[in-house]
Structure formats: C-alpha cells, structure tokens
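Read off the chains here:
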Amino acid sequence: MGTTTTTTSLDAGGEDRVMAAAQQIVKSLNTAKEVREDMLLIFSSFDNRLSNITNLIKKDSDSTGVRFDAAEKVILRWDSSSSNPDASRHSLPWEDSPHEAAEFLSAVDEILKLVVDVSIRSDNETMDRAEAAVQLAMSRLEDEFRLILIRNTVPLDAEGLYGSIRRVSLSFAANEGEIDEEFESFGEVDSVRGCFHERGASLGDDLCVDLINADAVVELKEIADRMIRSGYEKECVQTYSNVRRDALDEYLVILGVEKSSIEEVQKIDWKALDEKMKKWIQAIKITIRVLLSGEKRLCDQIFNGFDSIKEICFSETAKGCVMQLLNFGEAVAIGKRSSEKLFRILDMYDVLADALLDLEMMITDEFLCSEAKGVLSGLGDAAKGTFEEFENAVKSEASKKPMQNGEIHPLTRYVMNYVKLLVDYSKTLNLLLESDEHEEDDGLQSEDSELETTTPFAKRLLLLISSLESNLEEKSKLYEDGALHCIFLMNNILYIVQKVKDSELGKLLGDNWVRKRRGQVRQYATSYLRACWMKALYCLKDEGIGGSSNNASKVTLKERFKTFNACFEEIYRIQTGWKVPDPQLREEFRISISEKVIPAYRSFMGRFGSQLESGRNSGKYIKYTPEDLENYLLDLFEGSPLILHHMRRKNS
C-alpha cells in the first residue's frame, strides 16, 4: 500500500516534468502545425501521462491568435481608409500621445514576431491578414517618419555660422589718378575705390549644429528600425533623403547659393559674380564641415546597425547640394579669364581642396568624389591661366600718356599690390605652377644669383616684376625732360622696393634683389642732379669770369647771377609741380640738392657778391641769399606748381 502511494506520487511529479518538456517542444519545434500535432499524438500513445499534450497545441494556437488579433486591432485603428469608427486621419500617434505611439510600435513588433512564427505561416488567411497589417503599418510609419523629419528640422542660423568664420580683409588698388583706356581694360580697377579682397579662415574643428531636434532622433530611429526589419528600407531611405535633400536646398538658399546654370553664371557681371563667389566660398566651408557632417552624424544615429543603408541614405541626401555647389565651381572655372578674378578663384580652389578631404572621408559615392576632383582640377587650371593672362597683360600694357608730375604709375601700384596679395597663396601657386614652369628661363639669367629661393612661384614673380620694370623703362622714354625721366623711374623703382621689403615678397626675392634696386634709385637721383642742376652750378664757377675776385668783370658777374637766378626760378616753377610721394625720399632728395647748390652759391657770393652790391640795381642780380634758396628748395616735389616772386631788392 505504501509502495503504491509512493509510485503514484512519483508518477505525478514525473507528469509535471513531462508536461513542462512537452510545452518546451511545442515552442521549439520548427515544423508545420499538422506535423507537430501528429508527432505529439504519437508521443502521447507511449504513455497516458502525455494525453494532455493535444490541449497544449490548442492552447498555443489560441494564444497566438489572441495576440495577433490585438496587434492587428491597434494597427487598424490608425487606418484612415478603414470603416473603423476609431480610425483617425487627422493626427498620428506621435503628435498627440507618446503612450499610443508606444502601443502602435509594440503592435508592429508583435505582428513582425508572429509573421515568422511557424504556427501561423501555414494559415494562409492569417498570413494575408498579417501582410496587410504590416503594409498598413509601414504606410502609416512612413507618413509619420516624414512628418517628424519635416516638423523637427532645425532652421539654419547663417549669421551665427558666418560669425564663426574669422575674416581677413586685404585691399589693393591703383592710386587716384588718370588711367589710360588700355590700362583700364587691363586692370578693370576702380582707381579711387580700389578692390577689396576677403579671405575667410576655416571653421573651428569643434563647430557642429543639430539639424534635427535631438528628442526626435530617438523616434526616427525606432520607426526606421521597424521599416527596415519589415523589408521597407527602400521607402525609408527615399522618404528620409527627399526630406533632408529639400532641407539642404533651403540651407543653401539661406547661405546665398541659388541654383543657376553654367550659362547663367557666365552672363553675370563681375561685381555680382564676385559676391556670388564669396558666398560660394563660405557655403562650401559651412556645407561640408557643418551641414554634411551633421547629416552624416544624423544618418549614423537613425540608421545605426544598418551600415549599407546608412551609406546609401547619406549619399542620396548629400548628392543634390554638393552637385549644385560643384556646378557653380565648374561655371567659374570655364568662364572668361580676367586678372581681378584670380584671388577669388584661388580662394575657391583652396576651400574646395580642403573640403574634398572631408568629403572623401564622409562619402563613398565615387561619382560624387570624382566630380569634385574634376571641378578642383578645373579651378586649378583657371587659376594658372588667369595668372598667365595677368603676366601677359603686364608685359603688353602700352599706355602712351606719361604721368605729368613723374609720380608712381597706376600700373606699378596695381601690379605690386596684386603680387603682394598673391604671396598669401604661395603654397597653392607653387603646387599649381610646379608642373607648369616655363622651359625658357632666359629672363632669369641675370637674376639667378639674387634668388634666395627657387620655388616655381618665386621664379614667376621675378619674371613678372622684371616685365614691370621693362615696361616702366619704356614709359620713362615718353618724357622729353631728362630730369623728369629720372624722377619717374626713381619713384616707381622705390615703390617696388618698398612693397617687396615690407611684405613676404622680400623673403621670396631676397636681400640682394632689394639692394640692387636701392642702388638704382641712387643712380637715378644722381642722374637727375646732373641733368637738372648742371647749368645752374656752372654759373657759380670761377672759370670765364676774368681776373681775381677783386677785379672780376662786372658784366660777366651780372650775367652769371642773372643766368643762375633764371635757372633757379625755372627749376622752382617746374619742379614744385613734380611729385616725389615718399616723404623720406623727398627729404633726402632735397638735402642732396641743397648740399650741391647752397655751398656753391654761398662761396660764389662770398667771393664776388661785394663787387655788385655797391653798384646800382644790385638787387636785380643778387636776388636771393643762401638762406632764401635753402627755404625755396623745401617747396620742390610737392606736386603743386609755384612761381617765385622777388623777395628782396638791394640798392634799388
């Protein structure tokens, strides 16, 4: 009896274990429902303890059906085309109730889980309902995905981004003055206002902005996950790319970059094109470093775990705005070349070269990267070609109207300020010119020993300035007055020297080059003294006067003083109108004249002045004291013509 009781107890415990095992089998068997039922019935025939297994099958099936019905009901609730009175077409779950949003996502998860469950896969009717529910859910999620993207797009703060870019303003211009028509077409520079060239430094490495409100990113990821797991990745990517592409287009408009064909860009006048080029330069920096970087980060967050989809999505999103920027760059690269465009083209080249490195790290679209490299190459060719145009223009500029007062020619000012700014682009120009150096270096033969560097850009600068000097030499021949010829060359060479010495040009051309030009300035000053004051100084020599200082011919003395006075007054009348702009050179020049003229006049006066002062009308001949002359010399080279009036007359 006791034994029987024990056996019954063991049998009951064993049945519990068998039932538990049977339940596990129900869940784990990966076979059709009918097959599972047959197998379990066979198992049950071995022992009456398994007779309840068929109930498990029914219970499992009933549970799946209940879960499916509940999930389907939640999804159908949001079917705007359904006759279900609970369905709403006016709002979506995320807009009104986070709880309902979570319920909807859970329903989607449940349907997706049940679709792969073998218990319903053999039931065609249930599978049809499941597929319809998934399709409906994906349609609704796609709409919600789009709406969240649109409503949570962050407006672009262009002013704030521009404020993050440090700006350096440089200027170059010809001085005020009359410019010959040929030179005007060469330079296309407003000689009064000048041209202003702005270079924007790069954005800070840590600058980033949120393109989508951070709270919405989690919701977008949840939706994307469901759509991709449901096989709707194409619709998800398309929706995302369309919305974000439109947002990037709007951002470009805010940054001042509008869609224009190549033909339209090439018809724009220079002033308007210059503004567009400046905006393009800033837009490239902001678009690549901030906007696309932000888009890349956004794709990484929303499509995390789906690498290939993430790459496709980013490429499709970025392609439109990048191609729009590249189209403008291409239009500039193939446009008409003129010297004032060079700095902007170099800026465009530099910024695109930097951006290309970032773009290649972000994007795997070979076509897009290839297009960017092509535009970069085109801008490089345009820069080289424009520089060559400038070199040729300097050589061939042939204005025939001399500067009336001998001062600095507008061509000199333009060229030297132009090349002074070009030094900022030495690295880029060396790279571009390295494979394009002139084979013929004849023009450098006399200068080779002066070069302290042999970079391609330094060689081209040396040739360019040599062309300028040759051009100025030709222009100096337009002056009939030999003294003014010297003043003109002295002024212009000194200006060139100062621009070289006071900038990075000095490092490129070297100290020997500067010393040689300073020597030329001194030579021109000496030549001026000979050409201008020789006749006046001859009047103050003893030769030809006859006799000693006590019995010199008064007739000859009167003639000498009279001739000297006439020479001095003529020089004063003309050369007060001449211009030596540099104050230090002007002062040194006056001193050198004074050192030649005043001692000679004082000595002549000391030896012979007394013989005329005692006679009648002596003031007619001895008009000026040495101090008078010294004061009058201070009026020379100011650019304002004056006439000497007799300040004193002795014994008249």
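Predicted, not measured: the structure shown is a model, and the values here were computed from it.

## Here we look at unusual backbone geometry
Phase 1: One non-glycine residue, Phe637, lies in the positive phi region at around 65 degrees.
Phase 2: With relative accessibility at 0%, the residue Phe637 sits in the buried group.

## Looking at the side chain of Lys499
Phase 1: Among the secondary structure elements, Lys499 is positioned in helix H20 (residues 482–501).
Phase 2: Here Lys499 is buried and forms no salt bridge, its nearest opposite-charge partner Asp502 lying at an N-O distance of 7.3 Å.
Phase 3: Ignoring anything within four residues of it in the chain, the contact list for Lys499 reads Met416, Asn417, Lys420 and Leu505.

## Brief notes about empty space enclosed by the protein
Phase 1: Following the criterion strictly, the structure yields four cavities of 30 Å³ or more and no others.
Phase 2: Taken as a whole, the largest cavity spans an internal volume of roughly 70 Å³.
Phase 3: Taken together, Gly256, Val257, Glu258, Ser260, Val265, Ile268, Lys276, Trp280 and Phe328 form the lining of the largest cavity.
Phase 4: Considering only residue class, the lining of the largest cavity consists of five nonpolar, two polar and two charged.

## Quick look at the confidence of the model for the chain
Phase 1: When pLDDT is averaged along the chain, the result is 81; 74% of the residues meet or exceed 70.
Phase 2: Ignoring residues within four places in sequence, the model shows residues 166–197, a span with pLDDT below 50, making 81 contacts including any to other chains.
Phase 3: Here residues 439–449 is modelled with pLDDT under 50, and outside its nearest four sequence neighbours on either side it reaches nine contacts, counting other chains as well.

## Things to note about the pattern of salt bridges
Working definition: two side chains of opposite charge can pair if their charged atoms are close together.
Phase 1: For the coordinates displayed, the defined rule picks out 32 salt bridges.
Phase 2: Residues Arg129 and Asp69 are paired through a salt bridge, measuring 2.9 Å at the closest nitrogen-oxygen approach. Remark: Asp69 occurs in helix H3 (residues 53–77) and Arg129 occurs in helix H7 (residues 124–151); sequence separation between them is 60 residues.
Phase 3: For Arg226, the salt bridge identified is with Asp109, shortest N-O distance 2.8 Å. Placement of Arg226 in helix H10 (residues 214–229) and of Asp109 in helix H5 (residues 98–115) is noted, with a sequence separation of 117 residues between them.

## Observations regarding the packing of helix H15 (residues 342–362) against helix H16 (residues 366–396)
Phase 1: Interhelical geometry of H15 versus H16 gives an angle of 155 degrees and a closest axis separation of 9 Å. In terms of orientation, H15 lies roughly antiparallel with respect to H16. For the element pair H15 and H16, the recorded crossing hand is left-handed. Residues Leu342, Ile345, Leu346, Met348, Tyr349, Leu352, Ala353, Leu356, Leu359 and Glu360 of H15 touch H16, and the partners they reach there are Cys369, Ala372, Lys373, Val375, Leu376, Leu379, Gly380, Ala382, Ala383, Thr386 and Phe387.
Phase 2: A class-by-class count of the residues in the contact of H15 with H16 yields 17 nonpolar, two polar and two charged.

Quick notes on the rules
Residues numbered from 1 in each chain as written. Predicted model: local features only at pLDDT ≥ 70, side-chain atom pairs only at ≥ 80, totals over all residues. Heavy atoms only, no water. Buried < 20%, exposed > 50% of the residue type's maximum accessible area, 1.4 Å probe, protein only. Helix = DSSP H or I, 4+ residues; strand = E, 2+ residues; numbered from the N terminus. Lys, Arg positive; Asp, Glu negative; His and termini not counted. Salt bridge = Lys/Arg side-chain N within 4 Å of Asp/Glu carboxyl O. Contact = heavy atoms within 4.5 Å. 1 Å grid on protein atoms, 1.4 Å probe; cavity = no way out; pocket = protein on both sides within 12 Å on 5 of 7 lines; lining within 4 Å. Points joined across faces, edges and corners; volume = space filled by probe spheres on them. Nonpolar A, V, L, I, M, F, W, Y, C, P; charged D, E, K, R; others polar. pLDDT = per-residue confidence, 0-100. Axes fitted to C-alpha atoms, helices over the stretch in contact; angles between N-to-C directions. Parallel < 35°, antiparallel > 145°, perpendicular 65-115°, else oblique. Left-handed = near helix turned anticlockwise from the far one by under 90°.

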